[in-house]
Amino acid sequence: MSENIVTPYQNAAEGKKQQVTQMFNTISETYDGLNRVISWGSDIKWRKFVVQKVAEIHPTTVLDVATGTGDLAIALTEIQGVRITGLDISEGMLSVGHEKVAKRNLADRITLVQGDSELLPFADETFDAVTVGFGVRNFENLEKGLSEIRRVLKPNGRLVVLETSVPEKFPFKQGYYAYTHYLMPLIGKLFSKDRSAYRYLSDSAIHFPYGRKFQQILDNVGFGQTNYYPKTLGGVATIYVANKKDI
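Everything in this summary refers to the structure shown in the same document.

We now examine helix α2 (residues 42-55). The end-to-end C-alpha distance of α2, which contains 14 residues, comes to 20 Å, matching closely the 20 Å that a straight helix rising 1.5 Å per residue would cover. Among the residues of α2, those classed as buried are Ser42, Asp43, Trp46, Arg47, Phe49, Val50, Val51, Lys53 and Val54.

Glancing now at the layout of surface pockets. Roughly 240 Å³ of internal volume is contained in the largest pocket. If you trace the largest pocket, you find 13 residues lining it, with Glu168, Tyr210, Tyr228, Pro230 and Gly234 closest to the centre. Here the residues of the lining of the largest pocket are counted per class, giving five nonpolar, five polar and three charged. Taken as a whole, the second largest pocket spans an internal volume of roughly 170 Å³. If you trace the second largest pocket, you find it lined by Ile44, Arg47, Lys48, Asp71, Ile74, Ala75, Glu78, Lys100 and Arg104. The set of elements that each furnish at least two residues to the lining of the second largest pocket consists of α2 and α3 (71-75).

Along the chain, the position of Leu119 falls in the loop between β3 (110-114) and β4 (127-133). Measuring from C-alpha to C-alpha, the distance between Leu119 and Lys144 comes to 8.5 Å, with 25 residues separating the pair along the chain.

Pairing is mixed in the open sheet, where seven strands are placed in the order β3-β2-β1-β4-β5-β7-β6. Where the open sheet ends on each side, the last strands, each with one partner, are β3 and β6 (223-231). For this sheet, the mean angle separating the axes of adjacent strands, direction not counted, is 15°. Summarising the sheet, β4 and strand β5 (residues 153-164) pair through six bridges and their orientation is parallel. Of the residues in β5, the one forming a bridge with Thr131 is Val160. The sheet strands contacting α2 are β1 (61-65), β4, β5, β6 and β7 (237-244), and the helix crosses β5 at an angle near 170°. On the sheet, helix α8 (residues 212-220) packs against β5, β6 and β7 and is oriented at approximately 160° with respect to β6.

So, on to the side chain of Ser90. Looking at where Ser90 falls in the secondary structure, it is placed in the loop between β2 (83-88) and α4 (91-103). When sequence neighbours within four positions are dropped, the list of residues in contact with Ser90 reads Thr21, Phe24, Asn25 and Gln114.

Another point: the pairing of β4. Most of β4 is tucked away: seven of the seven residues are buried. Summarising the sheet, β1 and β4 pair through four bridges and their orientation is parallel. For Leu63, the partnering residue across the bridge sits in β4 and is Val130. In terms of handedness, the path from β4 via helix α5 (residues 142-152) over to β5 forms a crossover that is right-handed.

We now examine the pairing of β7. Counting buried residues in β7 gives eight out of eight residues, a clear majority hidden from the surface. Burial along β7 is two-sided: the face carrying Ala237, Ile239, Val241 and Asn243 and the face carrying Thr238, Tyr240, Ala242 and Lys244 are both buried. Two strands pair when backbone bridges link them, and β5 and β7 are joined in this way by seven bridges, in the antiparallel orientation. Paired with Leu162 across the strands is Ile239, a residue of β7. In this structure, β6 lies alongside β7, joined through seven bridges in antiparallel fashion. Bridge pairing in β7 links Phe223 to Lys244.

Parameters at a glance
Residues numbered from 1 in each chain as written. Predicted model: local features only at pLDDT ≥ 70, side-chain atom pairs only at ≥ 80, totals over all residues. Heavy atoms only, no water. Helix = DSSP H or I, 4+ residues; strand = E, 2+ residues; numbered from the N terminus. Expected span 1.5 Å × (residues − 1). Buried < 20%, exposed > 50% of the residue type's maximum accessible area, 1.4 Å probe, protein only. 1 Å grid on protein atoms, 1.4 Å probe; cavity = no way out; pocket = protein on both sides within 12 Å on 5 of 7 lines; lining within 4 Å. Points joined across faces, edges and corners; volume = space filled by probe spheres on them. Nonpolar A, V, L, I, M, F, W, Y, C, P; charged D, E, K, R; others polar. Pairing = 2+ DSSP bridges. Axes fitted to C-alpha atoms, helices over the stretch in contact; angles between N-to-C directions. Contact = heavy atoms within 4.5 Å. Right-handed = clockwise from strand over helix to strand, strands pointing away.

From the geometry alone we can't say anything about function, so treat these as descriptive.
As structure tokens, this is what we get:
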């Protein structure tokens, strides 16, 4: 089992799940703007790739776990006839998401609900596909969250995960560390008074078991045909595609 040792508030008494909820409630109003800046706008391209991989299986029902303010859920409406349920633990992030869904007149296709990604409030084999955008590294228990996702997927259903990662080749690796340790905290300070939040977003990305390690975790909890695709500058983000298999 993986150990989630990185938390937003290091001296807090609450567990990771409670701290993550508090953090995203605090930064919800500025999160979208910061996401555009720290990813150089590449997050839009990454989400399009996620949509492409989901569309390959022609789903009618998709669950977007850790939906946040709903960007990926909204992007998934490009798939004809699909209905999306977006789930997030943060009331603040969902509040922003509800506004965005209403502004785009997508309430008939997107349903946003508050809930715990490690205790999904859905029956077994409910969804054709599940997506997670920049969310799995926030799970308190990574394997439990992934197992819950597998449970609610239909047979042969697909999971597509977009998550930050660390480039492994020179000079991108060195540039990434310099950016996340020095420039990103400064950008975060400009967007929010919660400095701990943006330190956490950086540290959690560095400590997340990306690439082959995460592929192995997916396989261990019951996914198969798992592939991953490093994106932008040698892999500042990686997209994982896995199908549910019988155990």
